[in-house]
Amino acid sequence: MSSRLTTVEGSTSGPEPALRRDAVGLWGSIFQGLTHMAPAAGVMTGIGFIAASAGSAIPLAFILAGVISILIAYSINQLAKHLPSAGGYYTYVARGINPTFGFMTGWIYFLYDPLIPNLCTLVVATYVSSTLSLLFGISVPWWLYAGVVYAGLGVITFLGIQPSIRTAITFTVIEVAITMAFSVVLISVHGISGSDLQANFTLSGVPTGFSGLAFGMIFAVLSYTGFESTIPLAEETKNPRLTVARSAVISVVMILVYYVIFTFATTVGWGTGRMPALTADPAPYNTMGNFYWGKLGIGLLTIALMNSSWGCSLAGQNAVVRVLYKMGQVGVLPKAFATVHPKYRSPHVAIIAMTALSFVVTIGLGLWLGPISGFGLLATMISIGTILVYALGMIAVPIFYRREHPDEINIFLTYIFPIVGTLMLLPVLYASVYPPPPFPLNLAPYIDIVWILIGIGTVIWLGRTRPQQLAAGAQAIFADTGAASDLPR
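Residues numbered from 1 in each chain as written. Predicted model: local features only at pLDDT ≥ 70, side-chain atom pairs only at ≥ 80, totals over all residues. Heavy atoms only, no water.

**Student:** I'd like a description of the overall build of the chain, backed by residues and values.
**Tutor:** Each helix and strand in the chain was counted, giving 20 helices and 0 strands. Since a compact globule built from 489 residues should have a radius of gyration of about 23 Å, the 22 Å found for the chain is in line with a globular shape. The C-alpha extent of the chain, read off along each of the three principal axes, is 60 × 50 × 40 Å. Within the chain, the fraction of its 489 residues that count as buried is 60%. (Helix = DSSP H or I, 4+ residues; strand = E, 2+ residues; numbered from the N terminus. Rg over C-alpha atoms; globule rule 2.2 N^0.38 Å. Buried < 20%, exposed > 50% of the residue type's maximum accessible area, 1.4 Å probe, protein only.)

This is how it looks when you write it as structure tokens:
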């Protein structure tokens, strides 16, 4: 906001409250990205889908998806140095290309980040339900667990960014500790052979060759989605130009190492020649946990999965509500979304709206398709939206630097990394739509296309009825964060 909070916290007089400044440090920003990527859930919920097409070359799929994510993270690094804002990719593309593309990027963004809590909660709810039944004979419907998740999610995010970040750090440390300990056990029991390395890290482990690997990478790319969630927290981050830029890259590198270890341990522990059985198992980590650690293993891995899912949903909501807040602030969305709570300094109207919407979508999708099929549909939808947003963000880098910072152009960071990253996304995007996947995954491209067409219609309507808000959006963002003063026009 153009005004700053100068009164005692909680006071009702003086300027309107703003987001809490300097509330997030480097490690808080790193863990925001790590938690949003859901380390344990990223593997445990998607590994069956990846194995169905990539076979035992699951680690290879994660490595290639990680390389793409690193290139994207370096692109974020380049933009974050000059554009600190809660507007995220909406900000980057609005300023890098133009406000119309910025709005469309923000619109496509809502194809994936707002759906992350739904994605995590749907599939994990079935794990929790089956685990409680298996261990204690208690029947807990998946929708009841989802209700508890969203109630807690709404409360924590309402209380402000600092409780959210502390919770995210705690949950991530617990899930990584459990899954890494389990990985050590799996590898130590089976050892590492040359055939294991070949099956995990080359195309020889993929039954259908590169096309199968590319389709498997859809879900691997999805597992990296969230490292960019550090961007919307920029206005609450200490030294955002440096912190956001660093944390995006660091979080991707850290989770790449984690994914390679955990997925390699999983394929070795399950058996590289038994991937069809892994794909057919609705809860493969319950099976492995029971085999290696008994019922205690089932409980511990389920706790890791619950932590991962809940933390991912928390980090995702933190990011989404701040984009809603920023878009409301510049007038693209209703001004109510820009309201900040006077005590907790959180965008509470956006939080309440997002929590309610997430719960309704989760229940509706789960009842329609069932939690597992609903997860597959959302995963494919989200992956397509993610690829489009990432590509637009990378395209914005050379345009922005050529126009506004030609003296800072670096051939690798300005041109090669964004171009190579965008080109690497193309086969993944192609594999997501052709050959058509089975129902309901085949619905995803059509849903995405309809959403994009609605966005195009909306941006045309805004251009005719509210052109000043649309055109001035980027300027308002930078004036608001104090970034405009040192940005050449």
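**Student:** Describe the pattern of salt bridges, naming the residues involved and giving the relevant values.
**Tutor:** Tallied over the entire structure, the rule returns 2 salt bridges. Where Glu404 meets Arg95, a salt bridge forms, and the shortest distance between an N and an O atom there is 2.7 Å. With Glu404 in helix α17 (residues 371-404) and Arg95 in helix α5 (residues 88-96), the pair connects residues that are 309 residues apart, well separated along the chain. By relative accessible area, Glu404 is classed as buried at 9%. Overall, Arg95 belongs to the buried group, its relative accessible area being 5%. Ionic pairing is found between Arg403 and Glu404, a salt bridge with its closest N-O pair at 3.7 Å. (Salt bridge = Lys/Arg side-chain N within 4 Å of Asp/Glu carboxyl O.)

**Student:** Let's hear about the confidence of the model for the chain: which residues, and what values?
**Tutor:** Within the chain, residue pLDDT values average 82, and 91% of them lie at 70 or more. Note on residues 1-13: pLDDT is under 50 here. Beyond four places in sequence and across chains, it has 30 contacts. Here residues 474-489 is modelled with pLDDT under 50, and outside its nearest four sequence neighbours on either side it reaches 42 contacts, counting other chains as well. (pLDDT = per-residue confidence, 0-100. Contact = heavy atoms within 4.5 Å.)

**Student:** Quick rundown of α17? Include the residues and the values.
**Tutor:** A rise of 1.5 Å per residue sets the reference length of α17, with its 34 residues, at 50 Å; its end C-alpha atoms lie 47 Å apart and thus fit the reference within 8%. Within α17, 27 of the 34 residues are buried, which leaves it mostly tucked inside the rest of the structure. (Expected span 1.5 Å × (residues − 1).)

**Student:** Tell me about empty space enclosed by the protein, and name the residues and values.
**Tutor:** Overall, the coordinates contain 3 cavities of 30 Å³ or more when judged by the stated rule. Taken as a whole, the largest cavity holds about 170 Å³ of empty space. Lining the largest cavity are 16 residues, with Ala41, Gly42, Thr45, Leu119 and Leu222 sitting closest to its centre. Secondary structure elements with two or more residues in the lining of the largest cavity: α1 (26-37), α2 (39-44), α7 (116-136) and α11 (210-224). In terms of residue class, the lining of the largest cavity is made up of 10 nonpolar, 6 polar and no charged. (1 Å grid on protein atoms, 1.4 Å probe; cavity = no way out; pocket = protein on both sides within 12 Å on 5 of 7 lines; lining within 4 Å. Points joined across faces, edges and corners; volume = space filled by probe spheres on them. Nonpolar A, V, L, I, M, F, W, Y, C, P; charged D, E, K, R; others polar.)

**Student:** Got a sec to walk through α7? Specific residues and values, please.
**Tutor:** With 21 residues, α7 extends 29 Å between its outermost C-alpha atoms, agreeing within 8% with the 30 Å of an ideal straight helix rising 1.5 Å per residue. Val124 marks where α7 bends most, by close to 25°. Just past α7, the residue Gly137 takes up positive phi, approximately 70°. (Bend = angle between axes of the 7 residues up to and from the residue.)

**Student:** Help me get a handle on the layout of surface pockets, residues and values and all.
**Tutor:** Any empty space left between atoms is shown by rolling a water-sized probe over those atoms. The calculated volume of the largest pocket comes to roughly 570 Å³. Lining the largest pocket we find 28 residues, and of these Phe110, Leu111, Pro114, Leu357 and Trp451 sit closest to its centre. For the lining of the largest pocket, the secondary structure elements donating two or more residues are α6 (99-109), α15 (295-329), α16 (348-369), α17 and α19 (444-465). Sorting elements by how many residues they give to the lining of the largest pocket places α16 first, with 7 residues. Residues belonging to the lining of the largest pocket are distributed by class as follows: 24 nonpolar, 3 polar and 1 charged.

**Student:** Just give me the short version of the nonpolar core, but keep the residues and values in it.
**Tutor:** If you look at the biggest cluster of nonpolar residues, it comprises 134 residues, and the most contacted ones within it are Tyr89, Tyr92, Tyr224, Phe227 and Tyr285. The residues touching Tyr92, leaving out its near neighbours within four places in the chain, are Ile76, Leu79, Ala80, Leu83, Ile97, Ile231, Val244 and Ala396. By size, the runner-up hydrophobic cluster in this structure holds 5 residues, among which are Ala23, Val24, Ile161 and Ile165. (Core = buried A, V, L, I, M, F, W, Y, C linked by side-chain atoms within 4.5 Å.)

**Student:** Got a sec to walk through a nonpolar patch on the surface? Specific residues and values, please.
**Tutor:** A contiguous nonpolar patch, built from Leu26, Trp27, Ile250 and Met254 and spanning about 350 Å² of accessible area, is present on the exposed surface. Where the nonpolar patch is concerned, the elements lending two or more residues are α1 and α12 (240-270). Relative to the elements of secondary structure, Met254 occurs in helix α12. Overall, Met254 belongs to the partly exposed group, its relative accessible area being 34%. (Patch = residues over 30% accessible without salt bridge, like charges linked within 9 Å, V, L, I, M, F, W, Y side chains within 5 Å. Areas by Shrake-Rupley, 256 points an atom, 1.4 Å probe, with all protein chains shown as cover.)

**Student:** Describe in detail the packing of α1 against α12, supporting the description with residues and values.
**Tutor:** In the contact formed by α1 and α12, the axes pass within 8 Å of each other and the chain directions differ by 45°. For the element pair α1 / α12, the angle class is oblique. Remark: the crossing between α1 and α12 carries right-handed chirality. Contacts between α1 and α12 involve Leu26, Trp27, Ser29, Ile30, Gly33, Leu34 and Met37 from the first element and Thr243, Val244, Arg246, Ser247, Ile250, Ser251, Val252, Met254, Ile255 and Tyr259 from the second. Among the residues forming the contact of α1 with α12, the class breakdown is 11 nonpolar, 5 polar and 1 charged. (Axes fitted to C-alpha atoms, helices over the stretch in contact; angles between N-to-C directions. Parallel < 35°, antiparallel > 145°, perpendicular 65-115°, else oblique. Left-handed = near helix turned anticlockwise from the far one by under 90°.)

**Student:** How would you explain the environment of Ser164 if you had to name every residue and give the values?
**Tutor:** Within the secondary structure, Ser164 is located in helix α9 (residues 161-190). Residue class for Ser164 comes out buried when judged on its relative accessible area of 1%. Through-space distance from the C-alpha of Ser164 to that of Leu34 is 13 Å; in sequence the pair is 130 residues apart. For Ser164, the side chain forms a polar contact with the main-chain oxygen of Gly160, separated by 3.1 Å. (Polar contact = N/O pair within 3.5 Å; in protein donor to acceptor, adjacent residues only side chain to side chain.)

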